[in-house]
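This is what each chain is made of:
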Amino acid sequence: MGRAGRPAVFLDRDGTLIDDVGYPRDPDQVRLLPGVGTALIQLQSLGFLLVIVSNQSGVGRGMITPEEARAVHEQVISELAANGVQLDGAYYCPHSPDNNSPCRKPEPGMLRQAAEDLGINLSRSFMIGDKLSDVEAGKQAGCWTILFGHSPSSLAKVAPDYVATDWDAVVAYISAPARELAAGERR
Ligand SMILES: [Mg+2]
């Protein structure tokens, strides 16, 4: 794969960028987590593209409409914009688990699609999320992985590269000089 392509940070949405309220349907439910805006601006200034990759199975399960899902997603994008963050991409998978969709995390479909759309080098990129399925998706795509705000008990199963309890820790990890060098080649 080499060094061609730009590095990105792939961002889970619910429980990572915003409060996880479970199948959000109303834009008023969107609350950015502490430190998100500052952290994303710092990551962007390090040269990373920023791309949301979110499972929204509430649509496929018939619990929320595609319009509701879209409105919430748009609200996340505009709250970030209000904090000075311009995303490079924002994907979500509407399918329920029974569809075996290639875009539903832990499958890496959304990351691969974004890589194609935006010219991203996956082996120089990071996936950050609060669930093991985020870590698995990142690993399957060949990215570095960060489990966000999680209990250590579940770590043995997926072995993320790093566990961060807040956004300051995420930025410190990604911007560490050693990490930057290592991120040159994931595999
Ligand atoms: Mg999540």
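Residues numbered from 1 in each chain as written. Predicted model: local features only at pLDDT ≥ 70, side-chain atom pairs only at ≥ 80, totals over all residues.

Things to note about the nonpolar core
Defined as follows: The term nonpolar core refers to a set of buried Ala, Val, Leu, Ile, Met, Phe, Trp, Tyr and Cys residues connected through C-beta atoms within 7 Å. As a rule, residues whose C-beta atom has 12 or fewer other C-beta atoms within 10 Å are exposed, those with 20 or more are buried, and those in between are partly exposed; C-beta atoms are placed from the backbone. Helix and strand labels come from DSSP, where a helix needs a run of H or I of at least four residues and a strand needs a run of E of at least two; each type is numbered from the N terminus. Contacts are defined on C-beta atoms placed from the backbone: any two residues whose C-beta positions lie within 7 Å are in contact.
The biggest cluster of nonpolar side chains holds 49 residues, and the ones touching the most others in it are Phe10 and Leu111. If one sorts the elements of this core by residue count, strand β2 (residues 49-55) sits on top with five residues. Setting aside its immediate chain neighbours within four residues, Phe10 contacts Val51, Val53, Leu111, Ser125, Phe126, Met127, Ile128, Gly138 and Cys143.

A few points about helix α5 (residues 132-141)
Taken residue by residue, α5 has Asp134, Val135, Glu136, Ala137, Gly138 and Ala141 as its buried positions. Count one or two residues on from α5 and you reach Gly142, which has phi positive near 85 degrees.

Description of unusual backbone geometry
Omega for the peptide link from Lys105 to Pro106 comes to 20 degrees, which places this bond in the cis form. Inspection of the secondary structure puts Pro106 in the loop between β3 (89-93) and α4 (109-118). If you check the backbone angles, Tyr23 has positive phi at about 45 degrees while not being a glycine. Tracing the sequence through the fold places Tyr23 in the loop between β1 (8-11) and α1 (36-45). The phi dihedral of Asn100 is positive, around 50 degrees, even though this residue is not glycine. Along the chain, Asn100 turns up in the loop between β3 and α4.

Overview of the sheet that holds β3
Convention followed: A pair of strands counts as paired when DSSP detects no fewer than two bridges linking them. Each axis is a line fitted through C-alpha atoms, and for a helix only the stretch in contact is used; angles between axes span 0 to 180 degrees, taken between their N-to-C directions.
The sheet built from six strands is open, its strands ordered β3-β2-β1-β4-β5-β6 with parallel pairing. Looking along the sheet, the strands with just one partner apiece sit at the ends: β3 and β6 (162-164). Neighbour-to-neighbour, the strand axes of this sheet turn through a mean angle of 20 degrees, independent of strand direction. Taken together, the four bridges between β1 and β2 define a ladder with parallel strand orientation. Along β2, the bridge assignment pairs Val9 with Leu50. Where α5 meets the sheet, it contacts β1, β4 (126-129) and β5 (144-148), and its direction lies at approximately 170 degrees from that of β4.

What to know about the packing of α1 against helix α7 (residues 167-175)
Each pair of packed helices can be described by the angle between their axes along with the distance between the axes. In plain terms, the rule: What sets the label is the angle itself: under 35 degrees gives roughly parallel, over 145 gives roughly antiparallel, 65 to 115 gives roughly perpendicular, and the rest give oblique. Lys, Arg, Asp and Glu make up the charged group, whereas Ala, Val, Leu, Ile, Met, Phe, Trp, Tyr, Cys and Pro make up the nonpolar group; the residues left over, Gly among them, are polar.
Remark: α1 packs on α7, axes separated minimally by 9 Å, with the N-to-C direction vectors making an angle of 10 degrees. Taken together, the axes of α1 and α7 are roughly parallel relative to one another. Contact residues: α1 offers Val36, Ala39, Gln42 and Leu43, while α7 offers Trp167, Val170, Val171 and Ile174. Here the residues of the contact of α1 with α7 are counted per class, giving seven nonpolar, one polar and no charged.

Observations regarding the pairing of β5
Walk down a regular strand and you will see the side chains alternate between the two sheet faces. The criterion, for reference: When the strands point away from the viewer and the path from the first strand over the helix to the second turns clockwise, the crossover is right-handed.
Taken across its five residues, β5 has five buried, putting it largely inside the fold. Residue alternation in β5 divides its side chains into two sets, Trp144, Ile146 and Phe148 and Thr145 and Leu147, and both sets are buried. Pairing of β4 with β5 involves four bridges; the strand directions are parallel. Paired with Phe126 across the bridge in β5 is Trp144. In this fold, the crossover linking β4 to β5 by way of α5 has right-handed handedness. Note: β5 against β6, three bridges, orientation parallel. Looking across to β6, one finds that Ile146 is bridged to Tyr162.

A word on the pairing of β2
For β2, the tally of buried residues reaches seven of seven residues, placing the bulk of the element in the interior. Burial along β2 is two-sided: Leu49, Val51, Val53 and Asn55 facing one way and Leu50, Ile52 and Ser54 facing the other are all buried. In the sheet, β2 pairs with β3 via five bridges, with the strands oriented parallel. Counted as the bridge partner of Asn55 is Cys93 from β3.

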